[in-house]
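# Descriptive analysis of the structure
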Amino acid sequence: KMPWFDRAGYSFQSQFDEIFTVPGLYVFSVFILSFFFMELAFWAQDEQRQPGDFGDPLGFGMYDDEMRNRELNNGRFAMFCAVGIIAAQLNTGKDAVQQLGLP
């Protein structure tokens, strides 16, 4: 559990409702505003590059078309998995770890 979200239960609805009650609303607002600031200040797209092309930030020299296609495919797969986890949680009422049968 996250700090300031102690009253939330394990159901999706109680966790979602906790975001919009005090003090969770304050924490969630700061979280969203900080990402908004980071998006505008640091993660801005360079006008001379294609959309989504952030180059090779760590300098590994591996940013070519093959690696870019791998990155896009892995991102698509991750989004598909996240949708599956959320749909299963809404259907069963269990979170991702509980669905695996782990304590």
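Structure shown above.
About the thresholds
Residues numbered from 1 in each chain as written. Predicted model: local features only at pLDDT ≥ 70, side-chain atom pairs only at ≥ 80, totals over all residues. Heavy atoms only, no water. Helix = DSSP H or I, 4+ residues; strand = E, 2+ residues; numbered from the N terminus. Rg over C-alpha atoms; globule rule 2.2 N^0.38 Å. Buried < 20%, exposed > 50% of the residue type's maximum accessible area, 1.4 Å probe, protein only. Contact = heavy atoms within 4.5 Å. Areas by Shrake-Rupley, 256 points an atom, 1.4 Å probe, with all protein chains shown as cover. Lys, Arg positive; Asp, Glu negative; His and termini not counted. Charge placed at Lys NZ, Arg CZ, Asp CG, Glu CD.

### Structural notes on the overall build of the chain
Regarding its fold elements, the chain presents four helices and zero strands. Taken over C-alpha atoms, the radius of gyration comes to 19 Å for the chain, far larger than the 13 Å a tight globule of 103 residues would show. Projected onto its principal axes, the C-alpha positions of the chain cover 45 × 35 × 20 Å. With 103 residues in all, the chain has 9% of them scored as buried. Residue pairs at least 24 apart in sequence account for 12% of intrachain contacts in the chain once pairs closer than 6 positions are excluded. Accessible area of the chain: about 8,700 Å², with a carbon and sulfur share of 67%. Counting 7 positive and 13 negative side-chain charges, the chain places the averaged centre of each group 8 Å from the other.

### Quick look at the side chain of Gln 89
Here Gln 89 lies in helix 3 (residues 65-92). Overall, the relative accessible area of 11% leaves Gln 89 in the buried class. In this structure Gln 89 touches Tyr 10, Ser 11, Phe 12, Gln 15, Lys 94, Asp 95 and Gln 99, once residues within four positions along its chain are discounted.

### Examining the environment of Ser 29
Counting through the fold element by element, Ser 29 comes out in helix 2 (residues 24-41). Linking Ser 29 and Glu 39, residues ten residues apart in sequence, is a C-alpha distance of 15 Å.

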